[in-house]
Amino acid sequence: MRSVLEVQNLNVRYGEIHAVKGVSLRVEKGEIVALIGANGAGKTSTLSAIMGMIRAEGSVKFMGKDIERFSPWKRAQMGLSIVPERARVFPNMTVLENLEVGAYLVKDKKVFKERLEWVYDIFPRLRERQKQLALTLSGGEKQMLAIGRSLMNKPKLLLIDEISLGLMPKLVDEIFQILIKLNESGITLLISEQNTKKALEISSRAYVLQNGRVVKEGPSGELKEDEEIRKAYLGV
Ligand SMILES: Nc1ncnc2c1ncn2[C@@H]1O[C@H](COP(=O)(O)OP(=O)(O)O)[C@@H](O)[C@H]1O
Ligand SMILES: [Mg+2]
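Residues numbered from 1 in each chain as written. Chains lettered and ligands numbered in written order. Predicted model: local features only at pLDDT ≥ 70, side-chain atom pairs only at ≥ 80, totals over all residues.

## A closer look at the site of ligand 1
Turning to step 1, where the next piece is worked out: Around ligand 1 sit Tyr14, Ile17, Ala19, Gly37, Asn39, Gly40, Ala41, Gly42, Lys43, Thr44 and Ser45, and that is every residue in its neighbourhood.
Turning to step 2, where the next piece is worked out: For the shell around ligand 1, the elements supplying multiple residues, two or more each, are strand 2 (17-28) and helix 1 (43-51).
Turning to step 3, where the next piece is worked out: If one sorts the elements of the shell around ligand 1 by residue count, helix 1 sits on top with three residues.
Turning to step 4, where the next piece is worked out: For the shell around ligand 1, the per-class residue count stands at four nonpolar, six polar and one charged. (Near = placed C-beta within 6 Å. Helix = DSSP H or I, 4+ residues; strand = E, 2+ residues; numbered from the N terminus. Nonpolar A, V, L, I, M, F, W, Y, C, P; charged D, E, K, R; others polar.)

Structure representation (structure tokens):
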């Protein structure tokens, strides 16, 4: 049993709108898996449903356990975490205070210190700016803080929803490098992206969402060469 996450026949509805239509996907331990698709394809709905933040039908197994009836809090306790789309940091709190908020499941002071050091090692810029108010951070640094906050509970699986949205290309490269580093330090990742090129570069496998359905899936290296994907998503 190596699957960290196994989603079967997931459906999300907002009234009349059927946003996620029978999505099935899995994430194995140690992987970076990408969920790619255009605006409105259902990426956010899928990740939110996995985290338990919105109502959904279907089976969601995390670490071999059925979690679809669990609250987001319970899922977090089990080791699931999310960096939501356009994640906001608390502007009038310092970097350190933001990270403290993220550590809401950490009771032990020593564990907290270790986690903090771990996050600061991943994001040295956050260490340098730990006493600064979050509102003084650049766009990229705010994203790093949003990720850092989600890391404070040391998740087994981190869901990251369109982290590159609205970032300048140079920052996008930097953030994706960080995701690779994170993965190398033992965090399994499921990322949603509209930046198909980058997502396929850093992931081992990917699922392509279109109008709420998985229309393609496979090793990212193969999808990169796929004629339809090249036309529709890579612009070549
Ligand atoms: N809270 C909501 N209420 C009604 N419709 C929604 C809501 N959130 C998303 N949708 C619709 O569901 C579909 C999928 O949206 P979303 O999951 O945000 O896609 P993506 O993240 O890929 O852009 C879209 O048609 C969107 O308009
Ligand atoms: Mg979205």
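## Some points on the sheet that holds strand 2
Turning to step 1, where the next piece is worked out: Read from one edge to the other, the open sheet built from four strands follows the order 2-1-4-5, with strand pairing classed as antiparallel. Of all the strands in the sheet, just strand 2 and strand 5 (65-66) have a single pairing partner and so form its edges.
Turning to step 2, where the next piece is worked out: Bridge count between strand 1 (residues 3-14) and strand 4 (residues 57-62): five bridges; the pairing is antiparallel. Residue pairing in the sheet places Val7 in a bridge with Val60 of strand 4. (Pairing = 2+ DSSP bridges.)

## Brief notes about the environment of Asn195
Turning to step 1, where the next piece is worked out: Note on placement: Asn195 falls in the loop between strand 8 (188-193) and helix 8 (196-202).
Turning to step 2, where the next piece is worked out: For the pair Asn195 and Leu234, spaced 39 residues apart in sequence, the C-alpha separation works out to 8.7 Å.
Turning to step 3, where the next piece is worked out: Asn195 has contacts with Ser164 and Val172, leaving out every residue within four places of it along the chain. (Contact = placed C-beta atoms within 7 Å.)

## Focus: the nonpolar core
Turning to step 1, where the next piece is worked out: Core analysis: the largest hydrophobic core is formed by 61 residues, its most contacted members being Ala34, Leu190, Ile191 and Ala206.
Turning to step 2, where the next piece is worked out: For Leu190, the contacting residues outside a window of four places in its chain are Leu5, Val27, Val33, Leu35, Leu157 and Leu159. (Core = buried A, V, L, I, M, F, W, Y, C linked by C-beta atoms within 7 Å. Buried ≥ 20, exposed ≤ 12 C-beta atoms within 10 Å, placed from the backbone.)

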